[in-house]
Amino acid sequence: MKNTIVRTLVTLGLSAVLSPVALLAQSNINATIPFDFTIGAKSFPAGDYSVKQVSEYVLLIQSIKDGTGVMAMTLPSEKTTREGTPVLVFNKYGDSYFLSKISGDDRGWKLHQSAAEKEMVAKVASPKPITVLAALHSK
């Protein structure tokens, strides 16, 4: 728990320092997600969401409807293979969906597995990847 709090505070501090630079050249990724899903320890209902790059490896995933969201630390990942179309990839375990990757034309991000997802991995042999197409929107 203490490690999570420290990591969150470090992420927020770095985001505050680096966000003006990162946001100058970035477009938002908007997607309609047709199912409830989880990022980290937070669950979200189906709906319209925006993904904003806060710093090189921190993303803000936020509901367009009510602004609720979460900042997620990421790892670099491959970019989308669909030219001009960003994608969000979810791991599906039974009826549970976990956001695992986000990618656009020029870069990709992989999210860390949460404790809840690791628990699902232990119960289910392998996840079924589900891809949601998104759109780029200039600020």
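The rules behind these values
- Residues numbered from 1 in each chain as written.
- Predicted model: local features only at pLDDT ≥ 70, side-chain atom pairs only at ≥ 80, totals over all residues.
- Heavy atoms only, no water.
- Salt bridge = Lys/Arg side-chain N within 4 Å of Asp/Glu carboxyl O.
- Helix = DSSP H or I, 4+ residues; strand = E, 2+ residues; numbered from the N terminus.
- Buried < 20%, exposed > 50% of the residue type's maximum accessible area, 1.4 Å probe, protein only.
- Phe/Tyr/Trp six-rings, centres within 6.5 Å; stacked < 30°, edge-to-face > 60°.
- pLDDT = per-residue confidence, 0-100.
- Contact = heavy atoms within 4.5 Å.
- Pairing = 2+ DSSP bridges.

Caption draft 1: Region of interest: the pattern of salt bridges. Considering all chains together, one arrives at 2 salt bridges under this definition. The shortest N-O distance in the salt bridge between lysine 101 and glutamate 78 comes to 2.9 Å. Of this pair, lysine 101 sits in strand β8 (residues 96-103) while glutamate 78 is found in the loop between β6 (69-77) and β7 (87-93), placing the two residues 23 residues apart along the sequence. On the accessibility criterion, lysine 101 (29% relative accessible area) is partly exposed. Between glutamate 119 and lysine 123 there is a salt bridge, and its shortest N-O distance comes to 3.7 Å. One end of the pair, glutamate 119, and the other, lysine 123, are both in helix α2 (residues 115-123), 4 residues apart, so they sit about a helical turn from each other.

Caption draft 2: Examining the packing of aromatic side chains more closely. Inspection of every chain in the model, using the stated rule, returns 7 aromatic pairs. Consider the rings of phenylalanine 35 and phenylalanine 90, whose centres lie 5.0 Å apart with planes at 85°: the pair is edge-to-face. One end of the pair, phenylalanine 35, is in the loop between β1 (28-33) and β2 (37-39); the other, phenylalanine 90, is in strand β7, and 55 residues separate them in sequence. Owing to a relative accessible area of 13%, phenylalanine 35 belongs among the buried residues under this scheme. Residue phenylalanine 90 is classed as buried on the basis of its relative accessible area of 0%.

Caption draft 3: Examining the confidence of the model for the protein more closely. For the protein, per-residue confidence averages 82 on the pLDDT scale, and 76% of positions sit at 70 or higher. In this model, residues 16-25 is a region of pLDDT below 50 whose contacts with residues beyond four sequence positions or in other chains number 10 contacts.

Caption draft 4: Representation of the side chain of threonine 74. Residue position: threonine 74 is located in strand β6. Among the residues examined, threonine 74 registers a relative accessible area of 6% and is labelled buried.

Caption draft 5: Layout of the pairing of β6. Bridging between strand β5 (residues 58-63) and β6 involves 5 bridges; their strand directions are antiparallel. From the neighbouring strand, isoleucine 61 faces β6, where its bridge partner is valine 70. Taking the residues that link successive antiparallel strands as the turn, the β5-β6 hairpin has 5 residues, and the phi of glycine 67 there is positive, at about 80°. Note: β6 against strand β9 (residues 108-111), 4 bridges, orientation antiparallel. Of the residues in β9, the one forming a bridge with leucine 75 is lysine 110.

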